Amino acid sequence: MPAKQKFYLTTPIYYTNGLPHIGHTYTTVVADVIRRYKRMRGYEVVMTTGTDEHGVNVERAAKKAGVPESEFVAKMAEAWRALWLELGIPADEFVRTTDLQHVRTVQWLFKLCRENGYVYKGHYTGQYCIYDNAFVNDAKPGDNCPDCGRPTETLTEENYFFKLSAFQKPLLDFYKKNPEFIQPESRKNEIVSFVESGLKDLSITRTTIRWGIPVPGEEPHVFYVWFDALTAYLSAVGGPDYEKRGMWPADLHLVGKDIIRFHTVYWPAFLMAAMLPIPKQVWAHGWFLMDASKMSKSKGNVVLPRPIADMLGMDALRYFLLREVVFGQDGNFSYDALLTRYNSDLANGLGNLASRTAAMIEKNFAGKIPKAGKLEPRDETLARQTQSAIGDVLDYFEKMNFARALESLWSVIATADKYLTTEKPWSLSDSEADTQRKATVLATTAELLRIVTVLAHPVLPDSTTKIWTLLGQSGSVSAVELDGLQWGQLASGVPLGKPQTLFPRVEKSEAIERIESMANEELNPTAPPAPAPTAGRSATAGAATAAAPAASEKIGIEDFAKVEMRVGQIKTAERIVGADKLLKLTVDIGTEIRQICAGIAQFYEPDSLIGRKVAVVTNLAPRKLRGVESNGMIIAASVGPEGRPVLAGFPEDVEIGARLK
Ligand code: MSP
């Protein structure tokens, strides 16, 4: 038997100075979808992700946390790894840039580039963005970083330089010979014109940074983070011994559009200099935006994956991320759109089709898949449409057009719904002819469902596994070979499996409140949760309710001092449409008027609050609740078993803005 064809794909390795949000989850989910898809097409697949752990940002973050860098990154790397595992998207190789194997690989790559004459020593003075770990070309002192908008710093260093300028022509030739290398097409044009406009040599070592991979024999030089980070793709599959593992070159690097230049200019140039094989493709996707801007913790607009997965299941999030936005373009994230898709496409669409088909087979055929009788033209049309959808969906997957693949699949589901409505198997009698017809209709629907289940598996691994069991199919749906999939393979007489809960319908605004409440707890774990009547989780986002700390969890005064609390006076209060529990307040805190959302709407009339003095946590990162920015938190006691919030107040008159100590 011929050995399987290999497919090696990667996500970026993520920075360890933060934790994953929906943007990072997007890239990792797409990688997982491709991995599952390729496996179903018979490939031997390896998917790599990991953590990018060096650089001045980590140095600073570790200092702030008061721990050594190695301890800081170890904890963060573990948190990333654990979350991917929890979300069902763990990598086959999780690479950390502090791994010894990786360190060796970076040093080896540098040695090869140097031996081949592409490295020299020089001095560099320039504006440096410490957030992006990059010198900003052409920037003057005082300029902000064009990528992230934050101030740059002037740096002069003795560096080793990489002769990037020598690769202008080789790169342009390479792009021409490998027209598929940069995707999508629009990004390719951008990169080609960047390279055509001339390439400057690149400094690839630093002496101003301590926390990096040392350049052997050249201390205090450490490697520039991008020389270090990009090499992780190679170190994950063998490093200097990559030939033994047989996975290099990568078939696909998935990246966000923010880092395409590093992957399509620097990375192939480093590999060319070292005379190593170059990856086959770099695919740059767009950003998921929140309120039209990129998510960041400082803007308070990050969306976290875990609360969504907890509330709706990971399949719902995967479906939304892939269905909502055409891969390659930017898109907006909104809870509203997520819930709309969940209810319409998953609960009412796939979930409903699967459960009603199974229920009808259960009722009419003692739970065994019936054998189709003579086919009517309507049945044949449905079969033909489904068969032709197989080709379309596979073609869309190949082109990374996941949105269109899902659209095609869901139009098959819609056709099935229409077919059932027209054929009305439930209104047929028990006569022999009617029973025959019922068998044909239900066998046809079940076959359609089987095909949809197989094709949707890469995107919806959990729920399609359940539907597979429900249909009584043997083996695992992931083991079905996509290339052999065709209409007519459903065996009759097979008993259905146990009924499965697929996508229970949810009430939209209730679900959004619960997701946001969980997200707030995760982002702001210092706020003790207050119980909510339905979810059993905090519904009083924006109003912290006092709970007794566990006796073992004593904190030092320095921890308490981190929380800034002041006396504020409520100026206005109003309800938020669609959010039963929230009030939007404006609060005077002495130095400014703040907008704060508080989860007290069920217990306080807005008008009764005007003029009231309250205790406000003023140094919390801003966040959005139901799309409304909240900039602080009002303190409340949590009373009784249902956690009724009672606002903390002051029996004596106090000055607005006074600090609580
Ligand atoms: N460490 C570098 C990458 C080195 S790769 C050799 C880095 N890390 S990062 O943590 O900032 O992650 C960047 C990647 O996260 C983006 O390229 C993209 O894949 C993903 N995203 C981060 N925010 C995103 C959105 N808002 N939307 C979509 N993807 C985004 O850069």
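Below or above, wherever it landed, is the structure these notes cover. (Residues numbered from 1 in each chain as written. Predicted model: local features only at pLDDT ≥ 70, side-chain atom pairs only at ≥ 80, totals over all residues. Heavy atoms only, no water.)

## Quick notes on the sheet that holds strand β15 (residues 331-332)
Part 1 of the reasoning: Ordered in space as β14-β13-β15, the 3 strands form an open sheet in which the pairing is mixed. Because the sheet does not close on itself, it has two edges, and the strands there are β14 (293-294) and β15.
Part 2 of the reasoning: Pairing geometry for strand β13 (residues 288-290) and β14, over 2 bridges, is antiparallel. Note on β14: the bridge partner recorded for L289 is K294. (Pairing = 2+ DSSP bridges. Helix = DSSP H or I, 4+ residues; strand = E, 2+ residues; numbered from the N terminus.)

## Examining the packing of helix α16 (residues 432-456) against helix α17 (residues 461-470)
Part 1 of the reasoning: Packing of α16 against α17 brings their axes to within 9 Å, and their N-to-C directions diverge by 150°. Between α16 and α17, the interaxial angle falls into the category roughly antiparallel. In the crossing of α16 with α17, the sense of the turn from one axis to the other is left-handed. Two secondary-structure elements touch here, α16 through L449, R450, T453, V454 and A456 and α17 through T464, I467 and W468.
Part 2 of the reasoning: Residue composition of the contact of α16 with α17, grouped by class: 5 nonpolar, 2 polar and 1 charged. (Axes fitted to C-alpha atoms, helices over the stretch in contact; angles between N-to-C directions. Parallel < 35°, antiparallel > 145°, perpendicular 65-115°, else oblique. Left-handed = near helix turned anticlockwise from the far one by under 90°. Contact = heavy atoms within 4.5 Å. Nonpolar A, V, L, I, M, F, W, Y, C, P; charged D, E, K, R; others polar.)

## Side note on the sheet that holds strand β7 (residues 182-183)
Part 1 of the reasoning: The 6 strands lie next to each other as β3-β2-β1-β11-β12-β7, forming an open sheet whose pairing is parallel. With one partner strand each, in any of the chains shown, β3 (93-96) and β7 form the two edges of the open sheet.
Part 2 of the reasoning: Bridge count for strand β2 (residues 44-52) against β3 is 4 bridges, and the pairing is parallel. Its bridge partner being in β3, T48 is matched across the sheet by E93.
Part 3 of the reasoning: Sitting on the sheet, helix α1 (residues 22-40) touches β1 (6-15), β2, β11 (252-256) and β12 (282-285), and the angle it makes with β1 is about 170°.

## What to know about helix α10 (residues 260-273)
Part 1 of the reasoning: With 14 residues, α10 extends 19 Å between its outermost C-alpha atoms, agreeing within 8% with the 20 Å of an ideal straight helix rising 1.5 Å per residue.
Part 2 of the reasoning: Taken as a whole, α10 carries its principal kink of about 25° at Y266; the proline P268 stands between one and four residues after it.
Part 3 of the reasoning: Backbone geometry just after α10 places M275 at a positive phi near 60°. (Expected span 1.5 Å × (residues − 1). Bend = angle between axes of the 7 residues up to and from the residue.)

## Here we look at the side chain of D588
Part 1 of the reasoning: Structurally, D588 can be placed in strand β18 (residues 579-588).
Part 2 of the reasoning: Within the local environment of D588, its side chain forms a polar contact with the backbone nitrogen of G590, the two atoms lying 2.9 Å apart.
Part 3 of the reasoning: If we skip the residues at most four places from it in the chain, D588 touches V567, G568, Q569, K571, I593 and I656. (Polar contact = N/O pair within 3.5 Å; in protein donor to acceptor, adjacent residues only side chain to side chain.)

## Topic: the site of the ligand
Part 1 of the reasoning: Near the ligand you find 22 residues, and of these I13, T27, D52, G256 and F288 are the closest.
Part 2 of the reasoning: In the model, a nitrogen atom of the ligand is placed 2.8 Å from a nitrogen or oxygen of the I13 main chain.
Part 3 of the reasoning: Note that an oxygen atom of the ligand is positioned 3.0 Å from one of the backbone N or O atoms of Y15.
Part 4 of the reasoning: Notes on the ligand: free accessible area 670 Å², of which the protein chains cover 95%.
Part 5 of the reasoning: Among the secondary structure elements, those contributing two or more residues to the shell around the ligand are β1, α1 and α7 (225-230).
Part 6 of the reasoning: Top contributing element to the shell around the ligand by residue count: β1, with 4 residues. (Near = heavy atom within 4 Å. Areas by Shrake-Rupley, 256 points an atom, 1.4 Å probe, with all protein chains shown as cover.)

## Focus: the pairing of β18
Part 1 of the reasoning: In terms of burial, β18 is a largely internal element, 7 of the 10 residues being buried.
Part 2 of the reasoning: Of the pairings in the sheet, the one linking strand β17 (residues 565-576) to β18 comprises 7 bridges and is antiparallel in character. Opposite Q569, over in β18, you have D588 as the bridge partner.
Part 3 of the reasoning: Where β17 folds back onto β18 in an antiparallel hairpin, the turn is made up of 2 residues, including G578, whose phi is positive at roughly 85°.
Part 4 of the reasoning: Direction of pairing for β18 relative to strand β19 (residues 593-598): antiparallel, over a ladder of 6 bridges. Among the inter-strand pairings, V587 is bridged to a residue of β19, identified as R594. (Buried < 20%, exposed > 50% of the residue type's maximum accessible area, 1.4 Å probe, protein only.)

## Overview of the pattern of salt bridges
Part 1 of the reasoning: The full count for this structure, using the stated rule, is 44 salt bridges.
Part 2 of the reasoning: D32 serves as the salt-bridge partner of R36, at 2.8 Å between the closest nitrogen and oxygen. Here the residue R36 and the residue D32 both occupy positions in helix α1, the gap between them amounting to 4 residues, near one helical turn.
Part 3 of the reasoning: You can call R36 partly exposed: its relative accessible area is 24%.
Part 4 of the reasoning: Residue D32 is classed as buried on the basis of its relative accessible area of 1%.
Part 5 of the reasoning: Linked through salt bridges whose partners overlap, the residues forming this network are D32, R35, R36, R39, D92 and R318. (Salt bridge = Lys/Arg side-chain N within 4 Å of Asp/Glu carboxyl O.)

## With respect to the packing of helix α6 (residues 185-196) against α10
Part 1 of the reasoning: Relative orientation of the contacting elements α6 and α10 amounts to 50°, with a least axis distance of 11 Å. Here α10 runs oblique to α6, going by the angle between their axes. Regarding α6 and α10, the two cross each other, and that crossing is right-handed. For the pair α6 and α10, contact is made by R187, E190, I191, F194 and V195 and by I260, R261, T264 and V265, respectively.

Keep in mind these values describe shape, not function.
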